[in-house]
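A structural walkthrough
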Amino acid sequence: MKRQLPILMLILIVSCKQKEIQKAESIEVKPTMELKAVPKKQIEEIVIPEQYFENDSLLTELESDLEKIALNPKFDLKVEPNSNTHDESVTDTIKTLTFDKTKIYSYRATNWESIYSAKIENSDFEFLDSIFVGIKKEKLENRIKTEFKTDLLKIGNLEQTSVFIFKFENGKLKFIEYQGYVD
């Protein structure tokens, strides 16, 4: 009898497992209906080819020139308080400098200030003593010593946290944009 008991237990365990498997297999699957929304108008994506140059020293020079440009007295200044993201008890400031079609945005904390965005759209401001809105594409190519294959040139760092964008139209520089990072 002692020998039969383990065999009997094994048969019970196996038979219980088989019933569980059968129960799981007999679950009824009900069909579902999917509704797909069809947009009235398809959105066309316009892809603009660009060239990216990773050049830290050139980027540093451009950022330095942008900081000098921001000091120009031509700009109208607007300040707006902003709650510090790390400490809500501290109020920082967002500064907007505007002149004609040019805007420069900076973030001022208690002990530092940094430009985080800019769009230069008029020829009053120069970078690297010769780059300004309206310059011919060839002159910028000669200054940077690189041939451009597109009308959209980006100069920045490896992580692309600071990037200058040069947009050309009809062979002339239309605007210079800066995208920086502030934490």
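Note that residues are indexed from 1 along each chain, following the sequence as it is written. With pLDDT at 70 or above as the cut-off, local features in this predicted model cover only qualifying residues; side-chain atom pairs require 80 or more to be listed or tallied, and sums for whole chains, interfaces and linings still use all residues. Computation of side-chain values covers all heavy atoms of the structure but excludes hydrogens and water.

1. A few points about the sheet that holds strand 6 (residues 152-156)
In spatial order, the strands read 1-6-7-8-5-4-3-2; together these eight strands make up an open sheet with mixed pairing. Each having just a single partner strand, strand 1 (51-54) and strand 2 (76-83) make up the two edges of the open sheet. The sheet shows a mean angle of 20° between the axes of neighbouring strands, direction not considered. Two strands form a pair only when DSSP identifies at least two bridges running between them. Helix numbers and strand numbers start at the N terminus; a helix is a DSSP run of H or I with at least 4 residues, a strand a run of E with at least 2. Think of each axis as a best-fit line through the C-alpha atoms, taken over the contacting stretch in the case of a helix, with angles from 0 to 180 degrees between the N-to-C directions.

2. Quick notes on the nonpolar core
In this structure, Leu 66, Ile 104, Phe 127, Phe 164 and Phe 166 are the most contacted members of the largest nonpolar core, which totals 29 residues. Secondary-structure elements contributing two or more residues to this core are helix 2 (56-70), strand 5 (113-120), helix 3 (137-144), strand 6, strand 7 (163-169) and strand 8 (172-179). Here this core takes six residues from helix 2, the largest share from any one element. Any two residues whose heavy atoms approach within 4.5 Å are treated as being in contact. Not counting residues up to four positions away in its chain, the partners in contact with Phe 166 are Leu 62, Ile 131, Leu 140, Asp 151, Leu 152, Leu 153, Ile 155, Leu 173, Phe 175 and Ile 176. To qualify as a nonpolar core, a set must consist of buried Ala, Val, Leu, Ile, Met, Phe, Trp, Tyr and Cys residues joined through side-chain atoms within 4.5 Å. Any residue under 20% of the maximum accessible area for its type is buried, any over 50% is exposed, and the rest in between are partly exposed; the area is computed with a 1.4 Å probe on protein chains only.

3. Regarding the environment of Glu 169
By the element assignment, Glu 169 lies in strand 7. On the basis of relative accessible area, Glu 169 is assigned to the partly exposed category, the value being 40%. Sequence separation between Glu 169 and Leu 152 is 17 residues; the distance between their C-alpha atoms is 9.2 Å.

4. Quick word on the pattern of salt bridges
Salt-bridge detection follows one rule: a side-chain nitrogen of Lys or Arg within 4 Å of a carboxyl oxygen of Asp or Glu. Enumeration according to the criterion identifies six salt bridges in this entry. Taking the shortest distance from any N to any O, the salt bridge between Glu 113 and Arg 108 comes out at 4.0 Å. Lys 174 serves as the salt-bridge partner of Glu 169, at 3.7 Å between the closest nitrogen and oxygen. A residue is classified by how much of its surface remains accessible, and Lys 174, at 38% relative accessible area, is partly exposed. Ionic contacts of the salt-bridge type, sharing partners, join the residues Lys 95, Arg 108 and Glu 113 into one network.

5. Concerning the packing of aromatic side chains
Stacked, edge-to-face and tilted are the three classes for Phe, Tyr and Trp ring pairs, Trp counted by its six-membered ring, which pair at centre distances within 6.5 Å; planes under 30 degrees apart are stacked, over 60 edge-to-face, the rest tilted. Tallying each qualifying case throughout the model produces nine aromatic pairs. Relative to Phe 99, the ring of Phe 75 lies with its centre 6.5 Å away and its plane at 75°, an arrangement referred to as edge-to-face. Taken as a pair, Phe 75 in the loop between helix 2 and strand 2 and Phe 99 in strand 3 (residues 91-99) lie far apart in primary sequence, 24 residues in all. Since its relative accessible area comes to 9%, Phe 75 is described here as buried. Here Phe 164 and Tyr 178 contribute two aromatic rings whose centre-to-centre distance is 4.7 Å and whose plane-to-plane angle is 45°, an arrangement assigned as tilted. A residue pair is termed long-range when its members are at least 10 positions apart, and Phe 164 in strand 7 and Tyr 178 in strand 8 qualify at 14 residues. Exposure class is identical for Phe 164 and Tyr 178. Each is buried. Of the aromatic side chains, those joined through ring pairs into one cluster are Phe 53, Phe 148 and Phe 168.

These figures come from the coordinates and say nothing about function on their own.
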